[in-house]
Amino acid sequence: MAKFEALLEDEDNIFGGTPKSKYWDFNNQVSQDLAEDEFDKIVQKIAIMEAMLAEHHDINNLERIMQNYALENMSELEDMKKSVYMELAGNLLERLND
């Protein structure tokens, strides 16, 4: 996820906004079908990660485990969220040219 780290040193970077705002800018410019397809990929990725976590933790406690992890790693997760938004925005941009 750190592959976009250099772009995120400043919230007002060369992309003219935060990674989150740029993702939504791009998402609002694509067709509904493309947006739905990309969202489905996100949901699939979440389902895969939950299934992988469930192999090591009680599935009924996953939400609590994730909340505790988020509280303990808040700063790291904020940086990772920025990278994820950049990756998702890049996916949308790449598909615009198809």
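Structure's up top.
Just so you know, these numbers come straight off a predicted model, no measurement behind them.

Caption draft 1: Seen up close, the overall build of the protein. Within the protein one finds four helices and zero strands. Mapped from its N terminus to its C terminus, the protein presents α and β elements in the order α-α-α-α. Relative to its full complement of 98 residues, the protein shows a buried share of 20%. When contacts within the protein are restricted to residue pairs at least 6 apart in sequence, those whose partners lie at least 24 apart make up 68%. For the protein, the computed accessible surface area is about 7,400 Å², with 54% contributed by carbon and sulfur atoms.

Caption draft 2: Geometry of the layout of surface pockets. Considered as a void within the structure, the largest pocket measures approximately 1,100 Å³ in volume. Lining the largest pocket are 24 residues, with Ile-46, Met-49, Leu-77, Lys-81 and Val-84 sitting closest to its centre. Contributions of two or more residues to the lining of the largest pocket are made by helix 2 (32-54), helix 3 (62-72) and helix 4 (74-96). With 10 residues, helix 4 is the largest single contributor of residues to the lining of the largest pocket. In the lining of the largest pocket, the residues fall into 15 nonpolar, two polar and seven charged.

Caption draft 3: Examining the pattern of salt bridges more closely. A full pass over the atoms with the stated rule returns five salt bridges. Arg-95 is paired through a salt bridge with Asp-37; the nearest N and O atoms lie 2.5 Å apart. One end of the pair, Arg-95, is in helix 4; the other, Asp-37, is in helix 2, and 58 residues separate them in sequence. In this structure Asp-37 comes out as partly exposed when scored by relative accessible area, which is 30%. The residue Lys-81 makes a salt bridge to Glu-78 at a minimum N-O spacing of 3.7 Å. Highlighted residues: Lys-81 and Glu-78, both in helix 4, separated by three residues, approximately one helical turn.

Caption draft 4: Quick peek at the environment of Met-66. Within the secondary structure, Met-66 is located in helix 3. With residues up to four places along the chain from it excluded, the contact list for Met-66 reads Glu-50 and Leu-53.

Caption draft 5: Focus on the packing of aromatic side chains. Within the structure shown, the criterion is met by two aromatic pairs. For the ring pair Tyr-23 and Tyr-85, a centre distance of 5.8 Å and an interplane angle of 55° mean the geometry is tilted. Taken together, the positions of Tyr-23 in helix 1 (residues 19-27) and Tyr-85 in helix 4 put the pair 62 residues apart, joining distant regions of the chain. Ring pairing ties together the aromatic residues Tyr-23, Trp-24 and Tyr-85, which thus form one cluster.

Calculation notes
- Residues numbered from 1 in each chain as written.
- Predicted model: local features only at pLDDT ≥ 70, side-chain atom pairs only at ≥ 80, totals over all residues.
- Heavy atoms only, no water.
- Helix = DSSP H or I, 4+ residues; strand = E, 2+ residues; numbered from the N terminus.
- Buried < 20%, exposed > 50% of the residue type's maximum accessible area, 1.4 Å probe, protein only.
- Contact = heavy atoms within 4.5 Å.
- Areas by Shrake-Rupley, 256 points an atom, 1.4 Å probe, with all protein chains shown as cover.
- 1 Å grid on protein atoms, 1.4 Å probe; cavity = no way out; pocket = protein on both sides within 12 Å on 5 of 7 lines; lining within 4 Å.
- Points joined across faces, edges and corners; volume = space filled by probe spheres on them.
- Nonpolar A, V, L, I, M, F, W, Y, C, P; charged D, E, K, R; others polar.
- Salt bridge = Lys/Arg side-chain N within 4 Å of Asp/Glu carboxyl O.
- Phe/Tyr/Trp six-rings, centres within 6.5 Å; stacked < 30°, edge-to-face > 60°.

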